[in-house]
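Examining the three-dimensional arrangement
For reference, the chains in residue letters:
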Amino acid sequence: MKEKSNYKIDLGDITKHNVGQLKRLNTVIFPVMYNDKFYKDVLDLGELAQLVYFNDIIVGAVCCRVEKGGPPQNPNNTHTPLPSPGFRDKNQKKIYIMTLGCLPKYRRLGVGTVMLEHVFKLCEKFPDVEAVYLHVQLGNDSALEFYKKEGFEITNTVEGYYKRIEPSSAYVLEKVINSPKESAAASK
């Protein structure tokens, strides 16, 4: 819990009883519509998916997953598989932030920072995770500024990442948490 002046910011689990609140939040915060499978999968993420409360009012959420650098499964590929784009090798692990956002009225009050600090704390529970990454839509300058302030760097631009919104391209932002050498030592 983070307290400033006369308000508090807390995180809480996403459950079958409040996942509807997450759906509603996401439709207000993001220009992308997430399908039912996204919300079903979020219920199984535990600490990787959290609602954020500002003085006991749900104002945002963060949803992420641990990804491994193995290639997308393609049974027709008989060649030696290459790592997924952005991964050094098939064993490298990163946390991918699928969504992190809060209602506009609650921005610049520390809500986003609390969510991002939560993600960084998760990295301590997954010591073999080397980095945290996410996509940010081109033109979303406030998000870009926020993540850069938190140590993220643009590592790539993906043309046509978004299917039904303009601009359709996205930056890939990444922050290295553990160097490959540190991650290898931690997983032994």
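None of these values were measured; they are calculated from a predicted model. In this convention, every chain numbers its residues from 1, walking through the sequence in written order. For this predicted model, a pLDDT threshold of at least 70 governs which residues receive local features, and a threshold of 80 or more governs which side-chain atom pairs are given and counted, while totals over whole chains, interfaces and linings are taken from all residues. Side-chain measures were taken over the full set of non-hydrogen atoms in the model, leaving aside hydrogen atoms and water.

**A closer look at the nonpolar core**
- Grouped together as the largest cluster of nonpolar side chains are 31 residues, with contacts concentrated most on Val-111 and Tyr-147.
- Per element, the largest residue contribution to this core is 8 residues, and it comes from helix α3 (residues 111–125).
- Once you skip the residues sitting within four places of it in the chain, Tyr-147 turns out to touch Leu-100, Leu-116, Leu-134, Val-136, Phe-152 and Leu-173.
- Judged by nonpolar contacts, the second largest core, of 19 residues, contains Leu-22, Phe-38, Ala-49 and Ile-58. Side-chain atoms within 4.5 Å are what join buried Ala, Val, Leu, Ile, Met, Phe, Trp, Tyr and Cys residues into a set we call a nonpolar core. The rule is simple: take the accessible area with a 1.4 Å probe, protein chains only, and divide by the maximum for that residue type; under 20% is buried, over 50% is exposed, in between is partly exposed. Strands here are runs of E lasting at least two residues and helices are runs of H or I lasting at least four, both read from the DSSP assignment and numbered beginning at the N terminus. What makes two residues a contact is simply this: any of their non-hydrogen atoms within 4.5 Å.

**Regarding the pattern of salt bridges**
- Salt-bridge detection follows one rule: a side-chain nitrogen of Lys or Arg within 4 Å of a carboxyl oxygen of Asp or Glu. Here the structure, examined in full by the defined rule, presents 8 salt bridges.
- Asp-56 serves as the salt-bridge partner of Lys-8, at 3.5 Å between the closest nitrogen and oxygen. Within this pair, whereas Lys-8 is found in strand β2 (residues 7–13), its partner Asp-56 is found in the loop between β3 (49–54) and β4 (57–68), the two being separated by 48 residues in sequence.
- We classify Lys-8 as partly exposed; its relative accessible area is 26%.
- Between Asp-36 and Lys-23 there is a salt bridge, with its nearest N and O atoms 3.8 Å apart. Here Asp-36 is found in helix α2 (residues 36–42), whereas its partner Lys-23 is found in helix α1 (residues 19–29), with 13 residues between them in sequence.
- Residues joined by salt bridges that share partners form a network here, namely Lys-8, Asp-10 and Asp-56.

**A look at the pairing of strand β6 (residues 129–137)**
- Among the 9 residues of β6, 9 are classified as buried, and the element is accordingly described as predominantly covered.
- When DSSP finds two or more bridges between a pair of strands, those strands are recorded as paired. In this sheet, β6 lies alongside strand β5 (residues 93–102) in parallel orientation, the contact comprising 5 bridges. In the strand pairing of β6, Tyr-96 is matched with Tyr-133.
- In this view, the connection linking β5 to its parallel neighbour β6 by way of α3 has right-handed handedness. Here the term right-handed applies to a crossover when the path leading from its first strand over the helix to its second strand runs clockwise, the strands being oriented away from the viewer.

**A look at the side chain of His-135**
- Relative to the helices and strands, His-135 resides in strand β6.
- Under the rule applied, a polar contact is a pair of N or O atoms within 3.5 Å (in protein, one hydrogen donor and one hydrogen acceptor; residues adjacent in sequence only if both atoms are side-chain atoms). Looking at His-135, its side chain comes within polar contact range of the side chain of Tyr-96, at 2.8 Å.
- Of the polar contacts made by the side chain of His-135, one reaches the side chain of Tyr-161; its length is 3.3 Å.
- Beyond its immediate sequence surroundings of up to four residues, His-135 is in contact with Tyr-96, Val-158, Tyr-161, Tyr-162, Ala-170, Tyr-171 and Val-172.

**Side note on the packing of aromatic side chains**
- Geometry of aromatic contacts follows a simple scheme: Phe, Tyr and Trp rings, the Trp one being its six-membered ring, pair when their centres are within 6.5 Å, and the pair is stacked under 30 degrees between planes, edge-to-face over 60, tilted otherwise. Within the structure shown, the criterion is met by 10 aromatic pairs.
- An angle of 85° between the planes, with centres 6.2 Å apart, marks the rings of Phe-30 and Tyr-34 as edge-to-face.
- Residue Tyr-34 is classed as partly exposed on the basis of its relative accessible area, which comes to 24%.
- Judged by centre distance (4.8 Å) and plane angle (85°), the ring pair of Tyr-161 and Tyr-162 falls under edge-to-face.
- For Tyr-162, a relative accessible area of 15% translates into the label buried.
- In textbook terms, an aromatic cluster arises when at least three aromatic residues are bridged by ring pairs, as seen for Phe-30, Tyr-34, Phe-38 and Tyr-39.

**Describing α3**
- With 15 residues, α3 should reach 21 Å at 1.5 Å per residue; the first-to-last C-alpha distance of 22 Å fits that figure.
- Of all the residues in α3, the buried ones are Val-111, Gly-112, Thr-113, Val-114, Met-115, Leu-116, His-118, Val-119, Phe-120, Leu-122 and Cys-123. For a helix, the expected span equals 1.5 Å multiplied by the number of residues minus one.

**Some points on unusual backbone geometry**
- Geometrically, the link from Glu-166 to Pro-167 is a cis peptide bond, its omega value of -10° lying close to zero.
- Among the secondary structure elements, Pro-167 is positioned in the loop between β7 (153–158) and β8 (170–176).
- For Asp-56, which is not glycine, the phi torsion reads 70° and is therefore positive.
- Phi angles above zero are rare outside glycine, and Arg-108 is one such case at about 65°.
- Structurally, Arg-108 is set in the loop between β5 and α3.

Such coordinate-based values are descriptive only and should not be taken to indicate function.
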